[in-house]
Amino acid sequence: MIPTQEQERIINASGDIVTVARPGSGKTFVLAEKIKRILPGLKDYEGIIAISFTNKASNELKDRSLSSGLEKKESFFGTIHKFYIAEIALSFGKQLFGLPENEFEIVNIDQAGLEEERKSYLYELSKSFDYSNQTHINDLGEMYRTGKIYLDLIEKFATYIFDNSLACRRYLKTKYKYIIIDEFQDCGIEQYTIFMKLQELGLNAIAVGDLDQSIYGFTGKSSTYLQALMQDERFTTYSLTRNHRCHPSIINYSLRLMSPNSELLPTDDIRVYHRHITGDVARIVNWIDTHVQGVIQNFEVASLSEIAILVKNHKTANIVDMHLATPHKIIEQSLLEFDNNEVSFLFDNILKFIFDNLHTITETIELFVSLERLTLKEQSELEKNFIFLYDYFNRGNKEFNEVKDNFELIAMILMPSKDIEKAMNTLENVMLTQLEIYSSRNDNKIQILTLHKSKGLEFDIVFHLDLFEWILPAKKYANGSQEYLSYRQDLNLHYVGITRAKKACILCTSTQRTNYQGRIINGKPSEFFNVNNLARLRS
Amino acid sequence: MKIESIKIKGFRNFKDAKFNFNTHTAIMGFNDIGKTNLMYALRLLLDKSIPESSLELNESDFFAFEDTNEIKITIKFSEVVEDFVVAKLREKISDGNEVFLRYQISRTDLEYKLFIGSSKSALEEIDSRYYLRAFNLKYVTSTRNLNSFINKEKKHLLEKTKESRSDEEKELDTTRIDELETTLTGLNASVTDISYVKNATNKINDELDKLSYKNTGQKLTFNVAGDDVDSLLNKIDLSMSTDEKLLAIGGDGKLNQIFLALWTNKYNTVSDLNEVSFYCIEEPEAHLHPHQQRRLSEYLASTLSNQVIITTHSPHIISEFNPNSIIKLYQEGKASYGANKGCSEDLGDNLLKFAHRLDVISTEAFYSSLVFLVEGQSEILFYKTLAKALNIDLDRLNISILMVDGVGFKSYITVLEHLKIPWIMRTDNDMFKIPRRDEYRYAGIQRGVDIYKEFLSGTFSAENEIDYENIKNFALPPNPDVWESAEKLIQVLDENNIFIAQKDLEWDLVNSAIKDKLAEYYETDDDDEILRLMQNRKGENMFKFLCEYAESLTVLDGDNISRPLKQAKEIIEHL
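Residues numbered from 1 in each chain as written. Chains lettered and ligands numbered in written order. Predicted model: local features only at pLDDT ≥ 70, side-chain atom pairs only at ≥ 80, totals over all residues. Heavy atoms only, no water.

Moving on to the overall build of chain B. Counting its regular elements, chain B contains 23 helices and 20 strands. The C-alpha radius of gyration computed for chain B amounts to 33 Å, which surpasses the reference 25 Å derived for 575 residues by more than 25%, pointing to a less compact arrangement than a globule. The principal-axis extents of the C-alpha atoms in chain B amount to approximately 115 × 65 × 50 Å. For chain B, the residues scored as buried account for 47% of the 575 residues in total. Partitioning the contacts of chain B with sequence separation of at least 6, the portion at a separation of at least 24 is 70%. The average position of the 70 basic charges and that of the 96 acidic charges among the side chains of chain B differ by 4 Å. (Helix = DSSP H or I, 4+ residues; strand = E, 2+ residues; numbered from the N terminus. Rg over C-alpha atoms; globule rule 2.2 N^0.38 Å. Buried < 20%, exposed > 50% of the residue type's maximum accessible area, 1.4 Å probe, protein only. Contact = heavy atoms within 4.5 Å. Lys, Arg positive; Asp, Glu negative; His and termini not counted. Charge placed at Lys NZ, Arg CZ, Asp CG, Glu CD.)

Put into structure tokens, the structure is as follows:
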């Protein structure tokens, strides 16, 4: 693929950069190309830090950056939390807090089986942590020494250690030459601060984001920091505006949604539709069933998996799941992904290998241990077990007891010192209830997913649901009047939803809906339909 | 990155010893005191050529003279700033750029453990010496085999230059090699034509024919280095050429030099690789003439860009090192230790300047079991001759006699104390005038007392303190109090091996049992005259006198003048 001019400009740019990228503008492509240019110039012991929002996104970025067989050297591809854990907290914590007495346990506060009092204390700590408060710091030290790393506090660990360990800063500066952070519009203050501190240390800093796709405000993230970078003298701002993904009419609709004076691209065809169905949400689903074939033919859709039904919340997803006759699946994270446990992560990747057909055994192993550190005997043991599992599952079997030894063996070789009990339990659960998450990845099935989950993905056809007043944008009654809970966030969510569509976007509403109390009430179309004269841009 | 120190507990000669290192360090000490074992302790943790299986030490490696249950070897590194080491070791490096390594093995299960960390309290166990790829030790033993080393290095040397040819050179070489092919074929033809070469294999070939039909057509022949240029090039050998004439490579000394030159060349040209190397060389001086020894020492120090540690028996090489960079091993009880824990910053600037003026004779004293410090050349000549006359074998007892002429006793004693070498001294009983006053002092005794207080932590009784005050300033002639005080102090100093002459060597001799021989030699009976003549060209006169009258010195057996020698002998025999 040859870069466009605006893409080429960014790929060739040097110095500290902030790129404002619209949906479908080829952001991952540009990043991967840039990384490909950077890697050969690095020494063997050097690398880049490439931070993506999800594991999936970072795997994709890594795959695309290394696709031409480049050496990744000592580069880090992963989420910011992974980076904190691996390169700052767990390692340099030793120097500030002392050696931990137990194996590290990385867990969410609410999954740690703590007493209420302790839980609320920790939550309080994560919200109002004070770096100048010695008691807070001592608490961190205590937790570290007992091996308890709470994910909700990982940023505090990392920030404190970064600020107080000269050895840590020196290490990061020596090893890493670039810090690249994607989805910068969903950035919290700690991530922004560390990003800037790394830039000050001398790393080349690159931030990529889209102001209009900031959808994680509810977790304390905002696009403030992206904006700050755009104002910062040290950074050069570039834009990636051309949307290569969506049909021009979809682009027009999405841009006009955000700004009343957006430039309109010329187009003959309107591909954004509003369908208002009589009845409740189930009727919408029936309607979709009826029209699916027509849509497929009209727009030359190759497979059902190119069709997505986007919802705001899981309740709606379940309704769709219940009533949709056409083959479909709900996209969700498996429990193994939720676990935040090294061994679970390993099992998750083994299952992905088994069903994905996208990676080899070697690639999967190398996610954990480089081949040269394994003896020949170990390598052949691993291969044997991987192949056994591959055959077993692909024949349709799924008895946990028949495969648990194989999983255990693989874990013993790749991570000998980790406790596997928790991961084995989760695996058992997953094999009982969630195997289709893996097994039907590439199936011919309509994908049902939340707007949040859809970020970064694309489909030929999108059916956008939950576009009701009170739902999107969410509202509540307060002091006798109506108040938006998070207007901007919801607007961005809607924007994300629309821009997932390549060929057509169908906005669906119905005359009735079920409210939060379970009662059937009248459903009114969302305010978003009437913003900025959008009616003219849809049919 | 450099090795700052090593602490060895319970291993071979070492019960519990710490050694500090400098950028260039020389390890010295008697045979069997543990020099090689000290090196081995470093090598266990740092030498790639020691396989993992050798890390399993056995019973005999534990310190034998006590209930030793554990061997612990800890190395501290400082100035760890190299990029690739920082990137590889991550949090194992402290804020202050330090790293610690530890090897530990217990006698109960003989299972060894390895640790690494940014401080002694942050040591974490590791599975293997994975760090060796980033930093390691290169070791050369005293029993170097040049021939096998050369055989290995030959290919390496040839390949290196082969790779770095320019395109032009490659072309030229190809032409040359082609020409060689032709020459070789011609050469082979000529050689095999020589009748006795040709016929040598006839008999064998006849027998082969009888053995197997298949063998007809195949013949054994002698020829020059195979058929092709490649095998010829593989068989070339190194030799020295003088004025373009080939010789076999010389004697052991030359072999040693070649070896070390090859060795340093090999490791110096890999400086672009991401690896830090520390160099350990045992006895670099082997088979070399003194000047060449010094030259070698300087060569190693300047060529090898990284830390160098040598063990040596050579005073010539030691004289190149300032005392801050010398580890002297000594024994106490049954265990070996490093004097002053090895290298240190203890010896200040003045002493560094002084140390560099030490000539080789002086540094030989470092190897002694005891040093007898005297004023000047005459004393050395005299005492060496006296020792012979009294049957005190200085070499066998390992006693050196050193003069402090011009430099002063304190400087030498400081160095000797630093290296933990026992010493005794004899100084003149000088009486100097105090400037701008009409008073005098017994400077010699004062000198002795100062040394007693400073180096022997001597304390005086209250009485002696008064004595000391008395001799510090008095008017002439000295009154009996002063005499008495002087005597008392001389007695105290004598008991501590600080010998004060009656006056000075010449005067003492004139007033001793050998006076008549002196009178004979100088052909005068007048004491003053003899003295005057003796002091005129002291050394030369002493030398000549001693040549003639060596055996007569036996009469001095019971004299005070012989006491230092007798005392030295006793000290050695009681060590």
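Before going further, it helps to examine the overall build of chain A. Scanning chain A from N- to C-terminus turns up 22 helices and 18 strands. Against the compact-globule benchmark of 24 Å for 539 residues, chain A has a radius of gyration of 24 Å, which places it among compact chains. Judged by the C-alpha coordinates and their principal axes, chain A covers about 65 × 60 × 55 Å. Considering chain A as a whole, with its 539 residues, one finds that 53% of them fall into the buried category. Considering only residue pairs separated by 6 or more positions, chain A has 77% of its internal contacts joining residues 24 or more positions apart. About 24,600 Å² of surface is accessible on chain A, with carbon and sulfur atoms providing 48% of the total. Once the 61 positive and 71 negative side-chain charges of chain A are each reduced to a mean point, those two points are 5 Å apart. (Areas by Shrake-Rupley, 256 points an atom, 1.4 Å probe, with all protein chains shown as cover.)

Turning next to a negative patch on the surface. A cluster of acidic side chains, namely Asp178, Glu179, Glu181, Asp228 and Asp230 of chain B, defines a negative patch on the protein surface. On the secondary structure map, Glu179 of chain B appears in helix H4 (residues 167–193). (Patch = residues over 30% accessible without salt bridge, like charges linked within 9 Å, V, L, I, M, F, W, Y side chains within 5 Å. Salt bridge = Lys/Arg side-chain N within 4 Å of Asp/Glu carboxyl O.)

Residue and element names in this part refer to chain A. Locating Lys73 in the fold gives a position in the loop between helix H3 (55–65) and strand E3 (76–78). At a separation of 2.9 Å, a polar atom in the side chain of Lys73 contacts the main-chain carbonyl oxygen of Leu39. Every residue in contact with Lys73, bar those within four places of it in the chain, is listed here: Leu39, Pro40, Leu42, Lys43, Asp44 and Glu46. (Polar contact = N/O pair within 3.5 Å; in protein donor to acceptor, adjacent residues only side chain to side chain.)

The α-helix advances 3.6 residues per turn, and as a result positions three or four apart in sequence lie on the same side. Residue and element names in this part refer to chain A. With nine of 11 residues buried, helix H11 (residues 248–258) lies mostly within the body of the structure. Restricting attention to buried positions, one finds in H11 the residues Ser249, Ile250, Ile251, Asn252, Tyr253, Ser254, Arg256, Leu257 and Met258. Tucked into the core, H11 has its buried residues touching strand E9 (272–277), helix H22 (487–498) and strand E16 (501–510).

As a further point, take a nonpolar patch on the surface. A cluster of nonpolar side chains, Leu158, Ile177, Leu233 and Ile236 of chain B, forms an exposed patch at the surface whose accessible area comes to about 290 Å². Of note, Ile236 of chain B is situated in the loop between helix H7 (229–234) and strand E9 (240–242).

Here we take up the confidence of the model for chain B. Per-residue confidence for chain B gives a mean pLDDT of 85, with 92% of residues at or over 70. Model confidence for the complex is summarised by a pTM of 0.75, with the ipTM given as 0.75. (pLDDT = per-residue confidence, 0-100.)

For the rest of this paragraph, the subject is the nonpolar core. With 115 residues, the main nonpolar core has Leu46, Phe77 and Phe135 of chain B as its most contacted residues. Among the elements that line this core, the one with the most residues is helix H4 (residues 80–97) of chain A, at nine residues. Grouped together as the second largest cluster of nonpolar side chains are 59 residues, Ala26, Leu402, Val404 and Val492 of chain B included. (Core = buried A, V, L, I, M, F, W, Y, C linked by side-chain atoms within 4.5 Å.)

Turning next to the sheet that holds strand E10 (residues 307–311) of chain A. Residues and elements named next belong to chain A. Spatially, six strands are ordered E9-E16-E13-E10-E12-E11 in an open sheet, and the strand pairing comes out parallel. In this open sheet, the two strands that pair with only one neighbour each are E9 and strand E11 (328–330). Pairs of neighbouring strands in the sheet enclose a mean axial angle of 25 degrees, with direction left out of account. Relative to the sheet, H11 contacts E9 and E16, its axis offset from that of E16 by approximately 55 degrees. (Pairing = 2+ DSSP bridges. Axes fitted to C-alpha atoms, helices over the stretch in contact; angles between N-to-C directions.)

Let's shift gears to the interface of chain B and chain A. Each side of the interface is counted separately: chain B has 18 residues, and chain A has 17 residues. Carbon and sulfur atoms make up 53% of the surface buried where chain B meets chain A, a total of about 1,500 Å² over both sides. When the buried surface of chain B facing chain A is broken down by residue, Arg90, Glu91 and Asp95 of chain B rank first, second and third, together holding 38% of it. Residue Glu91 of chain B pairs with Lys94 of chain A through a salt bridge whose shortest N-O separation is 2.4 Å. With four residues, the top contributor of residues to the side of chain B that touches chain A is helix H2 (residues 83–89) of chain B. Looking at the side of chain B that touches chain A residue by residue, the classes come out as six nonpolar, five polar and seven charged. (Buried area = accessible area lost by both parts, 1.4 Å probe. Nonpolar A, V, L, I, M, F, W, Y, C, P; charged D, E, K, R; others polar.)

Before going further, it helps to examine the packing of aromatic side chains. Applying the stated criterion to the full structure yields 41 aromatic pairs over all chains. Geometrically, the ring pair formed by Phe460 of chain B and Tyr468 of chain B is edge-to-face, given 6.4 Å between the ring centres and 65 degrees between the ring planes. For the residue pair Phe460 of chain B and Tyr468 of chain B, the accessibility class agrees, reading buried in each case. Taking 5.0 Å as the distance between ring centres and 20 degrees as the angle between the ring planes, the aromatic pair formed by Phe545 of chain B and Tyr549 of chain B counts as stacked. In this pair, Phe545 of chain B and Tyr549 of chain B both sit in helix H22 (residues 538–549), four residues apart, roughly one turn of the helix. The pair Phe545 of chain B / Tyr549 of chain B is uniform in exposure class, with both members buried. One aromatic cluster in this structure is built from Phe347, Phe355, Phe388, Tyr392, Phe393 and Phe407 of chain A. The positively charged end of Arg43 of chain B is found above the aromatic ring belonging to Tyr139 of chain B, 3.7 Å away from the centroid. Positioned over the ring face of Phe65 of chain B is Lys334 of chain B, at 5.5 Å from the centre of the ring. (Phe/Tyr/Trp six-rings, centres within 6.5 Å; stacked < 30°, edge-to-face > 60°. Lys NZ or Arg CZ within 6 Å of the ring centre and 35° of its normal.)

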